[in-house]
Amino acid sequence: MGIHHAFDTKLVHRSGYIDGVTGAVNPPIHYSSTFHQSSFNQIGEFDYSRSGNPTRKILEETIADLEGGTAGFAFSSGMAAISSAFMLLSAGDHVLISQDVYGGTYRIVTEVLTRFQIEHTFVDMTDLDQVAQGIRPNTKVLYVETPSNPLLHITDLKGVIKIAKANGCLVFVDNTFMTPFLQRPLDLGADIVLHSATKFLSGHSDVVAGLAVVKNDDLAKKVGFIQNAFGSVLGVQDCWLLLRGMKTLSVRLQQSSKTAEQIATFLVKHPLIEEVFYPGLTSHPGYAIHHSQAKGAGAVLSFRLPDRECTKAFVENVRIPVFAVSLGAVESILSYPATMSHAAMPKEERERRGITDGVLRLSVGLEHVDDLLEDFEQSLQKAIRFAATIK
Ligand SMILES: *Cc1c(COP(=O)(O)O)cnc(C)c1O
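This structure is a prediction, so every number in the text was calculated from the model and none was measured. (Residues numbered from 1 in each chain as written. Predicted model: local features only at pLDDT ≥ 70, side-chain atom pairs only at ≥ 80, totals over all residues. Heavy atoms only, no water.)

Draft legend 1. Local environment of the packing of helix 2 (residues 54-67) against helix 9 (residues 236-246). Closest axis-to-axis distance for the helix 2/helix 9 pair is 8 Å, and the angle between their directions is 35°. For helix 2 against helix 9, the interelement crossing comes out left-handed. Contacts between helix 2 and helix 9 involve Thr55, Arg56, Ile58, Leu59, Thr62, Ile63 and Leu66 from the former and Val236, Cys239, Trp240, Leu242, Leu243 and Met246 from the latter. In the contact of helix 2 with helix 9, the residues fall into 10 nonpolar, 2 polar and 1 charged. (Axes fitted to C-alpha atoms, helices over the stretch in contact; angles between N-to-C directions. Helix = DSSP H or I, 4+ residues; strand = E, 2+ residues; numbered from the N terminus. Left-handed = near helix turned anticlockwise from the far one by under 90°. Contact = heavy atoms within 4.5 Å. Nonpolar A, V, L, I, M, F, W, Y, C, P; charged D, E, K, R; others polar.)

Draft legend 2. Expanded view of the UniProt feature "modified residue: N6-(pyridoxal phosphate)lysine" (unreviewed entry) in the protein. What UniProt calls "modified residue: N6-(pyridoxal phosphate)lysine" (unreviewed entry) maps, in this numbering, to Lys199. If you trace the backbone, Lys199 turns up in the loop between strand 6 (192-196) and strand 7 (210-214). Those residues within four positions of Lys199 in sequence are excluded, and the remaining contacts are Thr176, Ser326, Leu327 and Gly328. (UniProt positions renumbered as here; feature names shortened; annotations may be inferred.)

Draft legend 3. Region of interest: the site of the ligand. Looking at the ligand, there are 13 residues lining it, with Met79, Asp174, Ser196, Thr198 and Lys199 nearest. At 2.8 Å, a backbone N or O of Gly78 approaches an oxygen atom of the ligand. One of the backbone N or O atoms of Met79 is found 2.8 Å from an oxygen atom in the ligand. For the shell around the ligand, the element with the highest residue contribution is helix 3 (residues 78-86), accounting for 3 residues. (Near = heavy atom within 4 Å. Polar contact = N/O pair within 3.5 Å; in protein donor to acceptor, adjacent residues only side chain to side chain.)

Draft legend 4. Just the sheet that holds strand 11 (residues 333-335), in detail. The strand order across the open sheet built from 5 strands is 8-9-12-11-10, with neighbouring strands paired in mixed fashion. Each edge of the sheet is formed by a strand with only one pairing partner; in this case those strands are strand 8 (275-277) and strand 10 (322-323). Across 2 bridges, strand 10 lies against strand 11 in parallel orientation. Each bridged residue has a counterpart across the sheet, and for Phe323 the counterpart in strand 11 is Leu334. (Pairing = 2+ DSSP bridges.)

Draft legend 5. Here's a closer look at the domain arrangement of the protein. Split into domains, the protein comes out as domain 1 (7-246) and domain 2 (249-390). One C-alpha centre belongs to domain 1, the other to domain 2; they are set 27 Å apart. When the two sides are added together, the surface that domain 1 and domain 2 hide from each other amounts to roughly 3300 Å², 64% of it contributed by carbon and sulfur. The largest per-residue losses of area from domain 1 upon contact with domain 2 belong to Leu151, Phe181 and Phe200, which jointly make up 21% of the total buried on that side. Taken together, domain 1 and domain 2 are joined by 0 salt bridges. Only helix 1 (7-13), helix 4 (103-112), helix 6 (157-166), helix 7 (179-182) and helix 9 provide two or more residues apiece to the side of domain 1 that touches domain 2. (Domains from an automatic or database assignment. Buried area = accessible area lost by both parts, 1.4 Å probe. Salt bridge = Lys/Arg side-chain N within 4 Å of Asp/Glu carboxyl O.)

Right, here's the structure in full:
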């Protein structure tokens, strides 16, 4: 497909696939671990599916194109992609990382990388002074999530990238919440974009997958080497499901974002809600920065209820969203960070970061907005009545 095509067109046609033999409009799933070599002297493009597989290749080229990078890599999960990117580091290196990073990323940085003498410092990335002050002589990577999980803090990507470049550091951006439809960090100068493709990219809660996209050939060689050496590649059936899910990414995300904005506006006005975290609200402290680097606010928001009891009453009465971990699907997903995504974080750490026992995260799906609003209203009413009885 031409590089000039709009994002939506690329989503549907990027794989450009029409089977040369049958005319099939979708690629075959190449269930083959090994490939016959027709020449004694020369190995063909594919030899063994850990190193490369034709179905996976279509997915990897597609995500590279969508993110505007030189190469893409598919992994068996978002954490496999993130962990593999960290394997570019060596003992003695230091990582500067967003303090409200995804719980699994917190776990690998604090409990695994430390065993390999890779150090880290958590900083509030919304504050560029803290970022600049956190840099050490051995800092190699600045690791950013924006909007962050679960409080949707916004990091100024250009600001962080500028500091990183001035200090010879790489910038890794976890772009799971935005996807390349809304935000393209490589265009702003980031070096590696990471995804839990389990979320919006696949979109149907049916695949666990990770993707990495790099901005130049040098990083492509290094990440490709690690992908093959460490071997946490994505299986071919999941590559195919992910390719299928991605075709509808833009329509899903546009619709869900619109509904998310309506729900955020509703929650802001609700007496029981103490705080709403959504970068689509003009009251969000990161509103201007977010909209200067992304095309929309996305479909994830969080909100704070007074305490654990109210939260429990709300969750037990809400009917439409599933109460589960994960996000970015056709069905709305309500999560409780304290015991779900951030269970790996000690309570004091969690509360210090503002993730109190009253915080819920909502990933908005494709249900009708009126149904969701009505459902939230009725369950909040029950939570209010419950709150009154315990006071
Ligand atoms: C889910 C998630 C991950 C981890 O991805 P998995 O596919 O679950 O391994 C990483 N970062 C963010 C922001 C996520 O939401």
